[in-house]
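Here are the chains, one letter per residue:
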Amino acid sequence: ITNDATQSYSVTIDGLELGGTDSSKSDRGLGCNDDNGSDAESVTVRIVRSKINYNSDSGIDAHDCILQVESSIVSNNTKDGVKSDGKALTINTTNVFANGEVGIHSNDNSPYAITNNFLRGNGTVAGFPGVLLSGNSAGTFSFNTVTANGGALDIEGGVQCSTGGVEKRNIEYSIVSGNSKKS
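Residues numbered from 1 in each chain as written. Predicted model: local features only at pLDDT ≥ 70, side-chain atom pairs only at ≥ 80, totals over all residues. Heavy atoms only, no water.

J.: Describe the sheet that holds strand β14 (residues 112-115), naming the residues involved and giving the relevant values.
T.: With parallel pairing, the six strands of this open sheet are ordered in space as β2-β5-β8-β11-β14-β17. The open sheet has two edge strands, β2 (9-14) and β17 (139-142), and neither has a second partner. Neighbour to neighbour, the strand axes of the sheet diverge by 5° on average, direction disregarded. Of the strand pairs in this sheet, strand β5 (residues 43-48) and strand β8 (residues 66-70) are connected by five bridges, and their pairing is parallel. Residue T44 lies in a different strand from β8, and its bridge partner there is I66. (Pairing = 2+ DSSP bridges. Helix = DSSP H or I, 4+ residues; strand = E, 2+ residues; numbered from the N terminus. Axes fitted to C-alpha atoms, helices over the stretch in contact; angles between N-to-C directions.)

This is the structure in structure tokens:
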């Protein structure tokens, strides 16, 4: 989904499976790019009750889009499960598991709301955590379960926060347990 015009767009994907199978992977489940260069117009993508799995790239890759994922499954993608940078990110009641790199990567999203999710077994490639909050990302991370994430070399962990422009990020009312060493 690409916005190269001067209009706002809103797309809802409900009950769709985006991806391949274990033996036949597709490239990327969903890509969203707001290309018009204006902050006034935007693309909003809402994914509900859907499966984004078995992609050879990221499951969801959103650049300068408003991304909302609810009651979905994002799994078994070679790279990130959900990668979002730029505009608002909301992920709620979603199961994110067995992605090769980061389960949920929020980079420069303001605000983000990551709530009531189950993240497990992400970052199976050495050097990737289950959740990465980086850049100027700021928002809410609460009521999540983050377990069994982290690189094969035992280096990363459940949740990693880079300093970026944000001094403090709260991880509230969540279970972060059984991840590699840096949890």
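Okay, back to it.
J.: Tell me about the state of the cysteines, and name the residues and values.
T.: One pass over the full model with this rule turns up one disulfide. Here C32 is linked by a disulfide to C65, with a sulfur-sulfur distance of 2.0 Å. Where C32 bonds to C65 through sulfur, the torsion about that S-S bond is close to -105°, and the disulfide is left-handed. Placement of C32 in strand β4 (residues 30-34) and of C65 in the loop between β7 (60-63) and β8 is noted, with a sequence separation of 33 residues between them. (Disulfide = S-S within 2.5 Å.)

J.: Could you give an account of the nonpolar core, with specific residues and numbers?
T.: Membership of the largest hydrophobic core comes to 27 residues, with the highest contact counts inside it found for I47, I60 and L67. Mapped by element, the contributors of at least two residues to this core are β4, β5, β7, β8, β11 (89-92), β14 and β16 (131-134). (Core = buried A, V, L, I, M, F, W, Y, C linked by side-chain atoms within 4.5 Å. Buried < 20%, exposed > 50% of the residue type's maximum accessible area, 1.4 Å probe, protein only.)

J.: Tell me about the pairing of strand β13 (residues 104-107), and please be specific about residues and values.
T.: Sheet topology places strand β10 (residues 82-85) next to β13; four bridges connect them, and they run parallel. Across the sheet, S84 pairs through a bridge with S106, a residue of β13. Here four bridges tie β13 to β16, and the two strands are oriented parallel to one another. If you follow I104 over to β16, its bridge partner there is V131.

J.: Describe the environment of V82, naming the residues involved and giving the relevant values.
T.: Along the chain, V82 falls in strand β10. Owing to a relative accessible area of 1%, V82 belongs among the buried residues under this scheme. Each C-alpha atom, one on V82 and one on L30, is 9.6 Å from the other, the two residues being 52 residues apart in sequence. With residues up to four places along the chain from it excluded, the contact list for V82 reads I60, L67, V74, L89, I91, G103, I104 and H105. (Contact = heavy atoms within 4.5 Å.)

J.: Go over the pattern of salt bridges with me, naming the residues and quoting the values.
T.: For the coordinates displayed, the defined rule picks out two salt bridges. The residue R49 makes a salt bridge to D14 at a minimum N-O spacing of 2.6 Å. Taken together, the positions of R49 in the loop between β5 and β6 (51-53) and D14 in strand β2 put the pair 35 residues apart, joining distant regions of the chain. Using a relative accessible area of 53% as the deciding quantity, one classes R49 as exposed. Relative accessible area serves as the criterion here: at 43%, D14 is assigned to the partly exposed category. One salt bridge in this structure joins R46 and E70, with 3.7 Å as the shortest N-O distance. Highlighted residues: R46 in strand β5 and E70 in strand β8, separated in sequence by 24 residues. Judged by relative accessible area, which is 33%, R46 ranks as partly exposed. (Salt bridge = Lys/Arg side-chain N within 4 Å of Asp/Glu carboxyl O.)

J.: So what about the side chain of N117? Which residues, and what values?
T.: Of note, N117 is situated in the loop between β14 and β15 (118-120). Taking relative accessible area as the criterion, N117 reaches 3% and is therefore assigned buried. In this view, N117 contacts I91, N92, T93, T94, F143, N144 and T145; residues no more than four positions away in its chain are not counted.

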